[in-house]
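# Structure at a glance
Spelled out, the chains give:
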Amino acid sequence: MLSPKRVIHRKVQRGKVHTNATRANNIDFGNIALVALEPKWLAAKHIEAARVAINRALERKGKVWLRVFPDKPISKKPAEVRMGKGKGAPEFWAANIKAGVILFEVGGIDIKLAEKALTLAASKLPILTKIAYKPTID
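The structure reproduced in this document is the subject of the present report.

### Observations concerning unusual backbone geometry
Among all residues except glycine, the phi angle is most often negative; among peptide bonds, the trans geometry is most common. Within the chain, Arg 60 stands out as a residue other than glycine whose phi angle is a positive 60°. Take Arg 60: it is sitting in the loop between α1 (44–58) and β3 (63–66). In the Ramachandran plot, Glu 80 falls in the positive-phi region, its phi being about 60° despite a non-glycine side chain. Relative to the assigned elements, Glu 80 resides in the loop between β4 (72–76) and β5 (89–97).

Structure (structure tokens):
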């Protein structure tokens, strides 16, 4: 599971996720990419499930680039605990995803197979996504 090796602050405020991405919204490495269409937190387990689905569908051919990393600790208090007594312990790690962010890129493989792999990965994610293609210069 993905998580940072070290963090400056063990617990952070939750904040709100909205607006569109101004960074990480161009296909830089591969030929085809999976793009987020809505803002949300993506847990490390969702990212890992999608990555495994892509690698299995590609049968370890081509190359996969993971463009997001879960660096936000999400804390939660246990069930049936009284109010007060501080903030809960970190429960999981999440990536702050804005609309338009590239999640995964695939290159060096047939486009049909890459589409199939990214569609499979999209079904593992709790957000709406679309497949984007790198423009070709003719």
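### Looking at the nonpolar core
Counting 25 residues, the largest nonpolar core has Ile 54, Ile 97, Leu 103, Phe 104, Val 106 and Leu 125 as its most contacted members. At the level of elements, β1 (32–36), α1, β5, β6 (102–107) and α2 (111–124) are the ones that each hand at least two residues to this core. In this structure Ile 97 touches Val 17, Ala 36, Glu 38, Pro 39, Lys 40, Leu 42, Val 68, Leu 103 and Ile 127, once residues within four positions along its chain are discounted. Formed by five residues, the second largest nonpolar core is a distinct cluster that contains Ile 27, Ala 33, Val 35 and Ala 132.

### Re the sheet that holds β1
With antiparallel pairing, four strands are arranged side by side in an open sheet as β3-β6-β1-β7. Two strands close off the open sheet at either side, each with one partner strand: β3 and β7 (129–133). Adjacent strand axes in the sheet meet at a mean angle of 20°, parallel and antiparallel pairs treated alike. Looking at chain direction, β1 and β6 are connected through four bridges and run antiparallel. By the bridge assignment, Val 35 is partnered in β6 with Ile 102.

### Describing the layout of surface pockets
Of the voids in this model, the largest pocket is the one considered here, and its volume is about 200 Å³. Lining the largest pocket are Ala 21, Thr 22, Arg 23, Ala 24, Arg 67, Val 68, Asn 96, Ile 97, Lys 98 and Val 101. Residue composition of the lining of the largest pocket, by class: five nonpolar, two polar and three charged.

### Considerations on the pattern of salt bridges
Evaluated as defined, the whole model comprises four salt bridges. Notably, a salt bridge pairs Arg 51 with Glu 48, separated by 2.7 Å at the nearest N-O pair. With Arg 51 and Glu 48 both in helix α1 and three residues apart, this pair spans about one turn of that helix. Residue Arg 51 is classed as partly exposed on the basis of its relative accessible area of 29%.

### Some points on α1
Here α1 spans 21 Å end to end across 15 residues, near enough to the 21 Å set by a 1.5 Å rise per residue. Here α1 has its buried residues at Ala 44, Ile 47, Ala 50, Ala 53, Ile 54, Ala 57 and Leu 58. Following α1 by one or two positions, Glu 59 adopts a phi angle in the positive range, close to 55°.

Cut-off values and rules
- Numbering of residues starts from 1 in every chain and runs along the sequence as written.
- Whole-chain, interface and lining totals are the exception, using all residues; otherwise, since this is a predicted model, local features are given only for residues with pLDDT of at least 70 and side-chain atom pairs are given and counted only at 80 or more.
- The side-chain quantities take in all heavy atoms of the structure and omit both hydrogens and water.
- The way it works is that DSSP assigns letters per residue, a run of H or I at least four long becomes a helix, a run of E at least two long becomes a strand, and they are numbered from the N terminus.
- The term nonpolar core refers to a set of buried residues drawn from Ala, Val, Leu, Ile, Met, Phe, Trp, Tyr and Cys, joined through side-chain atoms within 4.5 Å.
- Each residue is assigned to one of three classes by its accessible area relative to the maximum for its type, calculated with a 1.4 Å probe on protein chains only: buried under 20%, partly exposed between the two thresholds, exposed over 50%.
- We call two residues contacting when some pair of their heavy atoms lies within 4.5 Å.
- One bridge is not enough; two strands pair if DSSP finds at least two bridges between them.
- With axes taken as lines fitted to C-alpha atoms, and helix axes fitted only over the stretch in contact, angles between N-to-C directions fall between 0 and 180 degrees.
- Put simply, the grid is 1 Å and covers the protein atoms alone, a cavity is a trapped set of points that fit a 1.4 Å probe, a pocket is an open set with protein on both sides within 12 Å along at least five of seven lines, and lining residues have an atom within 4 Å of a point.
- Grid points are joined across faces, edges and corners, and a volume is the space filled by probe spheres set on the points.
- Under this grouping Gly is polar, as are all residues other than the nonpolar Ala, Val, Leu, Ile, Met, Phe, Trp, Tyr, Cys and Pro and the charged Asp, Glu, Lys and Arg.
- The rule for a salt bridge is simple: a side-chain nitrogen of Lys or Arg has to be within 4 Å of a carboxyl oxygen of Asp or Glu.
- The span you would expect from a helix comes to 1.5 Å times its residue count less one.

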